[in-house]
Amino acid sequence: MHFASIQKQLFCAVLGWALFLIPGPGLAEDYETSVDPAVVNFRNAVDSVFEQSCHKGLRVGAKFYSLDRQQVIYARNSDSLFTPASNMKMFTSAMALKKVGPDYRFHTRLYTNGRIQGTVLKGDLYLKGFGDPSLVTEQMWILVNELKNLPLTRIEGNIIADNSYFDRQGKLKTWTSYKGPEAYLAPMGALSFNFNTVTVYVEPGKRPGDKPRVVVDPDIEYFRVRNKAVTTVNKRSRRKLIVNRLERKHHDEIVIKGRLPKNVARKKFYLNITDPQRYTALAFERFLNQAGVRVAGNVKRGRVPEGATLVLDHESPPLGRILRGLNKFSNNFIAEQILKTLAAQFMGEPGTTENGVLLLQEYMQELGFSPDQYRMVDGSGLSKTNLITPDQVIALLEDAHSDLSIFPEFISALGVMGLDGSVEDRMDHNKEAQKIRVKTGTLNHVSALSGYFQSQDGERFAFSILLNDVQCSNGKAMKLEDEIMEIALKFQREENAEEEPQIQFGGGILKQD
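Everything numeric here is computed off the predicted structure, so don't read it as measured data.

Looking at this structure, how should I read helix 5 (residues 276-290)?
The α-helix advances 3.6 residues per turn, and as a result positions three or four apart in sequence lie on the same side. A rise of 1.5 Å per residue sets the reference length of helix 5, with its 15 residues, at 21 Å; its end C-alpha atoms lie 21 Å apart and thus fit the reference within 8%. Here helix 5 lies mainly inside the structure; twelve of its 15 residues are buried. The complete set of buried residues in helix 5 reads P276, Q277, R278, Y279, T280, A281, L282, A283, F284, E285, F287 and L288. With its phi angle positive at about 90°, G292 sits one or two positions after the end of helix 5.

Here is the structure:
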């Protein structure tokens with residue numbers, strides 16, 4: 001390829017970023033007095049959707065804002081407070097990126113009060129967590145292999161788990177209505193593993209009447225299984241398969257009940273656990289044994305003593321990558337872990353949700369909002385007592401968009417409509433849907449969709465749709481949001497209505513193509 005051709009491609013790439021990041025030259029137009037036919041038509045079309053779809057008792061807050069022209073093209077109750085559900089995660093993400101940057105790493109550290117002689121640790125091994133939300137199976141193997149390769153073959157003392165970096169509150173008081181075993185309700189913990197969840201696989205037995213085969217991952221001492229289910233011939237059995245998790249002393253019990261037809265495929269269930277500290281320590285011990293490192297003692301709880309020697313410092317993947325799991329799949333656990341970790345780092349140990357909320361308030365102050373203009377009580381949006389406005393969501397999105405030090409990681413963590421995460425199956429019939437990057441939000445009677453999109457003529461927008469008091473199904477509420485986004489993608493200004501914006505580079509004028 002010729003050098004000139006390469007230069008042209010690089011220049012086009014830089015120009016594309018510039019057009020996305022640099023606002024157009026026009027001043028913000030007054031919303032009420034807009035006479036742009038395209039804007040008027042867009043407002044009418046969106047209002048029509050709100051009035052015809054799922055509208056009974058529905059409270060709507062919405063705002064669409066042109067990042068290129070700094071112009072509001074649609075606003076409805078945009079200064080009113082709404083429960084945002086998981087749209088809260090965007091505030092947590094932006095605050096974290098601003099505070100510590102996209103390359104920030106979480107830590108899990110190993111200490112000892114003894115010494116290593118040859119390949120034997122003579123003393124206890126302390127496993128201390130510092131809030132890492134990404135300590136999953138793969139990362140645990142890396143940690144264990146790092147220890148094994150010291151080299152180490154035997155630990156003559158105990159494994160002592162230290163979770164003192166956080167307070168002891170695993171779940172918030174505002175979550176009291178959520179008490180089930182579902183994975184999205186996993187508790188917080190400074191020392192945590194696999195999002196504090198367990199995977200249970202259930203497949204039919206060989207013959208009708210047999211118990212189904214059950215596999216628990218991770219298969220560790222922390223779990224006990226009570227299998228009361230039965231394999232059947234009839235697929236129309238009224239007793240469906242139920243997999244539950246019950247809290248017991250020193251362990252969790254997995255209970256399987258009901259009937260499983262013989263010819264169905266293997267089923268997978270995700271459940272939360274109740275004791276992150278013990279769960280993580282027992283998983284660590286099991287991984288050590290599988291790696292050939294024998295532990296002579298027991299698993300205990302405790303704190304790293306003064307004067308202990310640091311053996312290993314395991315670092316997580318970068319924050320920018322962790323945020324993809326947070327926002328694309330709306331992982332409540334990751335959001336709360338980030339909030340408490342930063343609280344411990346900036347406000348002092350132990351990390352608490354309350355101090356994490358103070359960090360969110362600092363960020364809101366930077367956006368121009370005082371605490372009496374909103375309410376934030378957690379980092380994930382699981383609490384219905386969180387209250388924000390569409391105006392505040394747009395301020396957040398515009399702030400992230402204007403900061404190149406965080407924007408690439410921020411937008412890449414959002415779901416790509418019709419392609420991945422929680423919006424993989426939404427608008428997947430529309431090839432233009434991938435021009436929409438979003439964060440969803442769903443609670444009982446609450447649905448939200450906010451993010452960025454590019455319209456038909458290339459204009460970039462931030463938008464927020466917050467729906468409260470939803471009386472129809474979540475599916476219908478999402479369909480309403482999708483209908484509006486179909487309209488948004490087709491937005492196109494009248495030809496020659498305005499001069500195309502110009503961008504100046506080093507004394508020359510370039511016209512936007």
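Looking at this structure, I do not really get the side chain of K340. What am I missing?
Residue placement: K340 occurs in helix 7 (residues 332-347). Residue K340 is classed as buried on the basis of its relative accessible area of 1%. At 2.5 Å, the side chain of K340 and the side chain of D167 are in polar contact. Those residues in contact with K340 that lie beyond four places of it in its chain are F166, D167, Q169, M188, G351, T352 and T353.

Honestly, the pairing of strand 13 (residues 242-248) in this entry has me stumped. Any pointers?
Looking down a regular strand, the side chains alternate between one sheet face and the other. With seven bridges joining them, strand 13 and strand 14 (residues 251-257) adopt antiparallel strand pairing. If you follow R245 over to strand 14, its bridge partner there is I254.

Looking at this model, I keep getting lost on helix 8 (residues 353-367). Mind explaining?
The end-to-end C-alpha distance of helix 8, which contains 15 residues, comes to 21 Å, matching closely the 21 Å that a straight helix rising 1.5 Å per residue would cover. For helix 8, the secondary structure elements touched by its buried residues are helix 3 (88-100), helix 7 and helix 9 (390-401). Positioned one or two residues after helix 8, G368 has a phi angle of 100°, which is positive.

Help me understand the nonpolar core in this model?
Looking at soluble globular proteins, one finds that nonpolar side chains tend to be buried together. By size, the foremost hydrophobic cluster in this structure holds 46 residues, and its most contacted members are F91, L319, I338, M376, L397, F410 and Y452. Looking at this core, the elements with two or more residues in it are helix 3, helix 6 (319-328), helix 7, helix 8, helix 9 and helix 10 (407-412). Of the residues forming this core, the biggest block, seven residues, is contributed by helix 3. If we skip the residues at most four places from it in the chain, I338 touches T92, A96, F106, L319, L323 and L326.

Is there a simple way to explain unusual backbone geometry in this structure?
Of all residues except glycine, most have a negative phi; of all peptide bonds, most are trans. D217 connects to P218 through a cis peptide bond whose omega is 10°. Of note, the bond from E349 into P350 is cis; its omega dihedral lies within 30 degrees of zero at -5°. Checked against the element boundaries, P350 lands in the loop between helix 7 and helix 8. The residue A85 is not glycine, and still its phi comes out positive at about 55°. Positionally, A85 belongs in the loop between strand 2 (71-76) and helix 3. Within the chain, N194 stands out as a residue other than glycine whose phi angle is a positive 50°. Along the chain, the position of N194 falls in the loop between strand 8 (159-162) and strand 9 (197-203).

Calculation notes
Residues numbered from 1 in each chain as written. Predicted model: local features only at pLDDT ≥ 70, side-chain atom pairs only at ≥ 80, totals over all residues. Heavy atoms only, no water. Helix = DSSP H or I, 4+ residues; strand = E, 2+ residues; numbered from the N terminus. Expected span 1.5 Å × (residues − 1). Buried < 20%, exposed > 50% of the residue type's maximum accessible area, 1.4 Å probe, protein only. Polar contact = N/O pair within 3.5 Å; in protein donor to acceptor, adjacent residues only side chain to side chain. Contact = heavy atoms within 4.5 Å. Pairing = 2+ DSSP bridges. Core = buried A, V, L, I, M, F, W, Y, C linked by side-chain atoms within 4.5 Å.

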